[in-house]
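# Topology and contacts: notes
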Amino acid sequence: MRLTSHSITPGARINPRNAAGKPDDSSIVSVSDDINPHLAWSDVPVGTRSFAVIVHDPDAPSRGDDVNKTDREVPPDLPRVDFFHWVLVDLPPDLTEIREGEFSNGLVPHGRPGPETLYGARHGINDYTGWFAGDPQMAGDYYGYDGPFPPFNDSIEHRYRFTVYALDVDRLPVSGRFTGQDVLAAIKPHTLGQASIEGTYTLNKRLI
């Protein structure tokens, strides 16, 4: 398989329009446009019956002690964990492109509804569901795409991996409020092929 994007240049910094947060001189950071990027795939394996899309950041801090503190940075040697930004399954086999802004056009407090979405597909919850859980103004189930918003004081630039999977099933065996980890486990025996592209993003002004 081959994955391309008009929005994401492999290895380059992601455009703030495709992120949930952006630098702001008046308040360190602010909410950005949060528009899902364009993705297009080709060279699809024979026998493909559906597609899944996973977007994740493998560089999220494993502890929040130093996150978004103005007097220090998150240490570069802190162990990192996955943070899922988009979990999408059951895309039809004749679909080969997602348009920019088709699934997300702005950060929605309390999250977008789901799991049902365009093309008869389903969204899982992304990890902003857990991140905002203690915030009464934002808490909710965050279905669909919400882009990069790394800690503004992180000492490393985060990577964001966009992956499309070709599957041999019409409907992936996950249900309810399924997560990125649920989908990764479910697709293992059903994956015929996959392709990824990766961009980077930071809100640390020292690194920009």
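Everything in this summary refers to the structure shown in the same document. If you're wondering where the values come from, they're calculated on a predicted model, not measured in any experiment.

### Considering the overall build of the protein
Secondary structure assignment for the protein yields 2 helices and 10 strands. Starting at the N terminus and ending at the C terminus, the protein contains elements arranged as β-β-β-β-β-β-β-β-α-β-α-β. The C-alpha atoms of the protein give a radius of gyration of 17 Å, which matches the 17 Å a tight globule of 208 residues would have. Principal-axis analysis of the C-alpha atoms gives the protein an extent of 55 × 35 × 30 Å. Residues classed as buried in the protein amount to 50% of the 208 residues present. Nonlocal contacts in the protein, meaning residues at least 24 apart in sequence, comprise 76% of its contacts between residues at least 6 apart. Of the roughly 9,500 Å² that the protein leaves accessible, carbon and sulfur atoms contribute 50%. A distance of 1 Å separates the average location of the 19 positive side-chain charges in the protein from that of its 29 negative side-chain charges.

### Considering the pattern of salt bridges
This model, assessed by the stated rule, comprises 17 salt bridges. Close ionic contact of Arg 112 with Asp 34 constitutes a salt bridge, the shortest N to O distance being 3.7 Å. Linking Arg 112 in the loop between strand 7 (97–98) and strand 8 (122–123) with Asp 34 in the loop between strand 3 (28–31) and strand 4 (39–42), this pair joins segments that are 78 residues apart in sequence. With a relative accessible area of 0%, Asp 34 lands in the buried category.

### Observations concerning the pairing of strand 9 (residues 158–167)
Most of strand 9 sits inside the fold, with 8 of its 10 residues counted as buried. Sheet analysis places strand 5 (residues 50–61) next to strand 9, joined by 7 bridges and oriented antiparallel. Bridging from a neighbouring strand, His 56 pairs with Arg 161 of strand 9. Where strand 9 meets strand 10 (residues 191–201), 10 bridges bridge the pair, whose relative direction is antiparallel.

### With respect to the nonpolar core
Among the nonpolar cores identified, the biggest contains 27 residues, and Trp 41, Val 53, Trp 86, Leu 91 and Phe 162 are the most heavily contacted of them. At the level of secondary structure, the elements contributing two or more residues to this core comprise strand 4, strand 5, strand 6 (80–91), strand 9 and strand 10. By residue number, the principal contributor to this core is strand 9, which donates 4 residues. Setting aside chain neighbours within four positions, we find Trp 86 in contact with Asn 36, Leu 39, Val 53, Ile 54, Val 55, Ile 98, Phe 103, His 123, Asn 126, Gly 144 and Tyr 145. Formed by 14 residues, the second largest nonpolar core is a distinct cluster that contains Ala 52, Leu 167, Phe 178 and Ala 186.

### Topic: the sheet that holds strand 5
Spatially, the 5 strands line up as an open sheet ordered 8-6-5-9-10, and their pairing is antiparallel. Each having just a single partner strand, strand 8 and strand 10 make up the two edges of the open sheet. Taken strand by strand, helix 2 (residues 180–187) contacts strand 5, strand 6, strand 9 and strand 10, and its axis lies near 65° from that of strand 6.

### Re the pairing of strand 6
The side chains of a regular strand alternate, residue by residue, between the two faces of the sheet. Counting buried residues along strand 6, 9 of its 12 residues qualify, which places the element largely inside the surrounding structure. Two strands pair when backbone bridges link them, and strand 5 and strand 6 are joined in this way by 8 bridges, in the antiparallel orientation. Considered in strand 6, the bridge of Ala 60 is made with Val 81. With 2 bridges connecting them, strand 6 and strand 8 associate as antiparallel partners. Bridge assignment links Val 89 to a residue of strand 8, and that residue is Arg 122.

### A few points about the environment of Pro 93
Structurally, Pro 93 can be placed in the loop between strand 6 and strand 7. Apart from the residues lying within four places of it in its own chain, the contact partners of Pro 93 are Thr 48, Arg 49, Ser 50 and Phe 51.

### Quick notes on the packing of aromatic side chains
Taken as a whole, this structure holds 7 aromatic pairs when the rule is applied. Through a chain of ring-to-ring contacts, the aromatic side chains of Phe 83, Tyr 128, Phe 132 and Tyr 142 assemble into a single cluster.

### Details of the side chain of His 123
With respect to the element layout, His 123 can be found in strand 8. Look at His 123 and you get buried, because its relative accessible area is 4%. When near neighbours in sequence (up to four residues on either side) are disregarded, His 123 contacts Trp 86, Val 87, Leu 88, Phe 103, Pro 115, Thr 117, Tyr 143, Gly 144 and Phe 178.

### Quick look at helix 2
Each turn of an α-helix holds 3.6 residues, which means side chains three or four residues apart point in the same direction. Residues of helix 2 that are buried: Gly 180, Val 183, Ala 186 and Ile 187. Along helix 2, the residues classed as buried sweep out an arc of 130° about the axis, all on the same side.

### Some remarks on unusual backbone geometry
Excluding glycine, most residues fall at negative phi; most peptide bonds, likewise, are trans. Put simply, Gly 114 and Pro 115 share a cis peptide bond, and its omega is 5°. Inspection of the secondary structure puts Pro 115 in the loop between strand 7 and strand 8.

Criteria and cut-off values
Residues numbered from 1 in each chain as written. Predicted model: local features only at pLDDT ≥ 70, side-chain atom pairs only at ≥ 80, totals over all residues. Heavy atoms only, no water. Helix = DSSP H or I, 4+ residues; strand = E, 2+ residues; numbered from the N terminus. Rg over C-alpha atoms; globule rule 2.2 N^0.38 Å. Buried < 20%, exposed > 50% of the residue type's maximum accessible area, 1.4 Å probe, protein only. Contact = heavy atoms within 4.5 Å. Areas by Shrake-Rupley, 256 points an atom, 1.4 Å probe, with all protein chains shown as cover. Lys, Arg positive; Asp, Glu negative; His and termini not counted. Charge placed at Lys NZ, Arg CZ, Asp CG, Glu CD. Salt bridge = Lys/Arg side-chain N within 4 Å of Asp/Glu carboxyl O. Pairing = 2+ DSSP bridges. Core = buried A, V, L, I, M, F, W, Y, C linked by side-chain atoms within 4.5 Å. Axes fitted to C-alpha atoms, helices over the stretch in contact; angles between N-to-C directions. Phe/Tyr/Trp six-rings, centres within 6.5 Å; stacked < 30°, edge-to-face > 60°. Arc of directions from axis to C-beta.

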